[in-house]
Amino acid sequence: MTETPVATDDVLRKRALEALTTARARTRLLTECVDDRELTAQHSPLMSPLVWDLAHIGNQEEQWLLRAVAGRDAIRPEIDSVYDAFEHPRAERPTLPLLSPAESRTYASDIRGRVLDVLEAHPLHGSPLVDSAFAFGMIAQHEQQHDETMLITHQLRRGPAALDAPEPPGGGTAGLPAEVLVPAGPFTMGTSAEPWALDNERPAHHRHVDAFLIDTTPVTNGAFQAFVADGGYTDERWWAPEGWDQIRRHDIGAPLFWRHEGGQWLRRRFGVTEPVPEDEPVLHVSWYEADAYARWAGRRLPTEAEWEKAARHDPASGRSRRYPWGDDDPTPERANLGQRHLRPAPAGAYPEGASPLGVRQLIGDVWEWTSSDFLPYPGFAPFPYREYSEVFFGPGHKVLRGGSFAVDAVACRGTFRNWDLPVRRQIFSGFRTARDA
C-alpha cells in the first residue's frame, strides 16, 4: 500500500529532526569543551577559529531554511559577508568582525528554534529544494561537515586534551587475504535515488571497470613505517614531482603529528602523546605520500570508480548497494563513524561492514585517497548552488572516499565524494592500494 503524502512528510520530518538534533549536539560538544579564548584563537592558518564555524553554521541554516525555504526576511543580513566561506580565506577570518562566542551561540540557537517551527509546518514536496526534505538534509550534512572541520582544529590545537571517547572495537587481519579480486565488468556508479545525495554524487550512470585487486584493509601504520624505514621520504623515485618538491621544502619525513623519539614512533592525538599503533590505518598523510607509498610497494592508488565498485557492487545480484553491507543505515557494528571513537579502529575491524567481496572498513575509520581528479559525472547539474561542487572540478583536487571516524553517517554513504588538495595532511586521510589483475 502506498503511503499518503501526510505520512511520508511525517517520516521525513522525523528523519530531518533527528539529523539536525544529532548535528547540533555534536557542535555543542566541540564548542563547549574549551573556553572562549580557545574558541576565538586561530590554532592554524589552515583552519578557521572555532567561533567562526559556530556562527557560520547558524548563518547557512538561516539562509537556506528560513530565507530560501520559508521565505522569511533576513535576521542578520549584515553578517552574511563575514561568514561567506568563498569571500574570506581561512587565514584571514580572525581579522573579521566575528560574533563573540556568546553571540554566536545565541544566534545559532535562535535560528534553530525558528527552523524547527518551519520543519513542523512546511510541506516537504513541491519543489526540488524541499522534496524529501532535501534542504533540511543538506543543512544537517553541512553542520556535520563543519563539525569534522572543528575536530580537525581540535587535533591541531596545542594544550591538554579537551575531548574523550571510548576505544574502538578490536580488529585483526589473521585469516584475511591481503587483497581481494574485483572482477571486470560494468556497474552503476553514483545515484539518482538517494534523497539527500549532493549534486556531485548524481546522476547514476554505468561504468566499466577492468579487473583489479584491492587491499582488504587500509594501509596500516606498521606498513607505512616500513616505507619510512626504507628511506621512502628520501628517494625521489617514488614521488610525483610536485610531491617531491613539497616534502623537500617543508622537510617532511613522516605522517603529520608523528615524531621519532627513544627508538620508537610517537604521535600526538587530540592533546595526548602516545606510541603509534602499528595495527591502525595510517592517518594524516597527503595524496603525495599515499601515492609515493603505493609506488614503493609496487602498487597504485585505486581510481574513484574502482573504489566505488569495490564498495557497492554486488556480483550476485549485479546491483549497487547504498553501503558495502547493504542498503540499511550504518550502525556501530558496521562502521566507525560520528566521532564515536577518536581514532580509527585496527585493520580488520567491523566484519559486519564488509562488502560482498570481503573488503573491510570501506566506510568510516579514514578517508581514502584515490588516484582520480575531482570531476563531474556525465549529466551533472549543479544544485542548489554552483559553489558546492562545480567550482572545484578539475585537476587541482583529488577525490577521497569512504569517510572517517570524524564523519557522521548523514554525510557518508557509498556514493559520497570528498575532495581536497593533494598537499593536505591535517585531514583524517589514509588510503588503500590496488593493482591490475
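The rules behind each value
- Residues numbered from 1 in each chain as written.
- Predicted model: local features only at pLDDT ≥ 70, side-chain atom pairs only at ≥ 80, totals over all residues.
- Heavy atoms only, no water.
- Helix = DSSP H or I, 4+ residues; strand = E, 2+ residues; numbered from the N terminus.
- Rg over C-alpha atoms; globule rule 2.2 N^0.38 Å.
- Lys, Arg positive; Asp, Glu negative; His and termini not counted.
- Charge placed at Lys NZ, Arg CZ, Asp CG, Glu CD.
- Buried < 20%, exposed > 50% of the residue type's maximum accessible area, 1.4 Å probe, protein only.
- Contact = heavy atoms within 4.5 Å.
- Polar contact = N/O pair within 3.5 Å; in protein donor to acceptor, adjacent residues only side chain to side chain.
- Pairing = 2+ DSSP bridges.
- Axes fitted to C-alpha atoms, helices over the stretch in contact; angles between N-to-C directions.
- Core = buried A, V, L, I, M, F, W, Y, C linked by side-chain atoms within 4.5 Å.
- Salt bridge = Lys/Arg side-chain N within 4 Å of Asp/Glu carboxyl O.
- Arc of directions from axis to C-beta.
- Phe/Tyr/Trp six-rings, centres within 6.5 Å; stacked < 30°, edge-to-face > 60°.
- Parallel < 35°, antiparallel > 145°, perpendicular 65-115°, else oblique.
- Nonpolar A, V, L, I, M, F, W, Y, C, P; charged D, E, K, R; others polar.
- pLDDT = per-residue confidence, 0-100.

*Asks:* So what's going on with the overall build of the protein? Residues and values would help.
*Replies:* Helix and strand counts for the protein come out as nine helices and twelve strands. In terms of overall dimensions, the protein is globule-like: its C-alpha atoms have a radius of gyration of 22 Å, near the 22 Å expected for 437 residues. Based on the C-alpha atoms only, the size of the protein along its principal axes is roughly 60 × 55 × 40 Å. Each charge class in the protein can be summarised by its mean position, and for the 47 positive and 63 negative side chains these summaries are 2 Å apart.

*Asks:* Account for unusual backbone geometry, naming residues and giving values.
*Replies:* Between arginine 202 and proline 203 the backbone carries a cis peptide bond, its omega angle lying at -10 degrees. A cis geometry characterises the amide bond from phenylalanine 383 onward to proline 384, with omega recorded as -5 degrees. Within the secondary structure, proline 384 is located in the loop between β8 (367-374) and β9 (394-401). Unlike most non-glycine residues, aspartate 251 shows phi in positive territory, near 55 degrees. Mapped onto the elements, aspartate 251 comes out in the loop between α7 (241-250) and β5 (258-261). Although it is not a glycine, phenylalanine 270 sits at a positive phi angle of roughly 50 degrees. Residue phenylalanine 270 is classed as buried on the basis of its relative accessible area of 5%.

*Asks:* Pulling in residues and values, what's your account of the environment of arginine 112?
*Replies:* In this fold, arginine 112 is placed in helix α4 (residues 101-121). For arginine 112, a relative accessible area of 8% translates into the label buried. With near-sequence residues (within four places) excluded, arginine 112 lies in contact with Leu20, Thr21, Arg24, Glu61 and Glu143. Engagement of the side chain of arginine 112 in a polar contact is seen with the side chain of glutamate 61, the distance being 2.7 Å.

*Asks:* Account for the sheet that holds strand β7 (residues 272-275), naming residues and giving values.
*Replies:* Taken together, the three strands give an open sheet; going across it, the order is β5-β6-β7, and neighbouring strands pair in antiparallel fashion. Each edge of the open sheet is held by one strand with a lone partner, namely β5 and β7. Each strand axis lies, on average, 35 degrees off the axis of its neighbour in the sheet, ignoring direction.

*Asks:* An account of the nonpolar core is requested, with residue identities and associated values reported.
*Replies:* The biggest cluster of nonpolar side chains holds 113 residues, and the ones touching the most others in it are Phe136, Leu151, Phe224, Phe227, Trp239 and Phe431. Broken down by element, the residue count for this core peaks at ten residues, all from helix α5 (residues 134-156).

*Asks:* Pulling in residues and values, what's your account of the pattern of salt bridges?
*Replies:* One pass over the structure, following the stated rule, counts 40 salt bridges. Across the pair glutamate 261 and arginine 259 runs a salt bridge, and its minimum N-O distance is 3.0 Å. We classify glutamate 261 as partly exposed; its relative accessible area is 41%. Among the charged side chains, a salt-bridge network with shared partners connects Glu167, Arg267, Arg269, Glu274, Glu280 and Arg343.

*Asks:* Outline helix α6 (residues 221-229), supporting the account with residue identities and numerical values.
*Replies:* Structurally, the α-helix is built with 3.6 residues per turn, so residues lying three or four positions apart point the same way. Within the span of α6, buried status applies to Asn221, Phe224, Gln225, Phe227 and Val228. Buried residues along α6 cover an arc of 155 degrees about the axis, so they all sit on one side. Those residues of α6 hidden inside the fold are in contact with β5, β6 (264-269) and α8 (287-296). At the exit of α6 stands glycine 231, carrying a positive phi of roughly 80 degrees.

*Asks:* Account for the packing of aromatic side chains, with residues named and values stated.
*Replies:* On inspection of all chains with the given rule, the structure shows 28 aromatic pairs. Ring plane angle 70 degrees and centroid distance 5.9 Å describe the contact between phenylalanine 227 and tyrosine 293, whose orientation is recorded as edge-to-face. One end of the pair, phenylalanine 227, is in helix α6; the other, tyrosine 293, is in helix α8, and 66 residues separate them in sequence. On the basis of relative accessibility, which here comes to 8%, the residue tyrosine 293 falls in the buried class. Where tyrosine 233 meets tryptophan 239, the ring centres are 5.5 Å apart and the plane angle is 45 degrees; that geometry is what we call tilted.

*Asks:* Which residues make up the packing of helix α3 (residues 50-69) against α5, and what values go with them?
*Replies:* Taken N-terminus to C-terminus, the directions of α3 and α5 make an angle of 175 degrees; their axes are 10 Å apart at the nearest point. It follows from the interaxial angle that α3 and α5 lie roughly antiparallel. Contacts from Leu50, Trp52, Asp53, His56, Ile57, Gln60, Glu61, Trp64, Leu65 and Val69 in α3 reach Ala135, Phe136, Met138, Ile139, His142, Glu143, His146, Asp147, Thr149, Met150, Thr153 and His154 in α5. Taken together, the residues of the contact of α3 with α5 break down into eleven nonpolar, seven polar and four charged.

*Asks:* Before we move on, can you summarise the sheet that holds β9 with the specific residues and values?
*Replies:* Across a sheet, paired strands are connected by hydrogen bonds in the backbone, their directions being either parallel or antiparallel. Taken in spatial order, the four strands of this open sheet run β10-β9-β8-β11, and their pairing is mixed. Each end of this open sheet is capped by a strand with a single partner; those strands are β10 (418-420) and β11 (429-430). Judged from the three bridges that link them, β9 and β10 form a sheet pairing that is antiparallel. Bridging from a neighbouring strand, valine 399 pairs with tryptophan 419 of β10.

*Asks:* Go over the confidence of the model for the protein with me, naming the residues and quoting the values.
*Replies:* In low-pLDDT segments, the atomic positions of the prediction should not be examined closely. Counting all residues, the mean pLDDT for the protein is 96, and 98% of those residues have values of 70 or more. Considering only residues more than four positions removed or in separate chains, one finds that residues 1-7, a stretch of pLDDT under 50, has two contacts.

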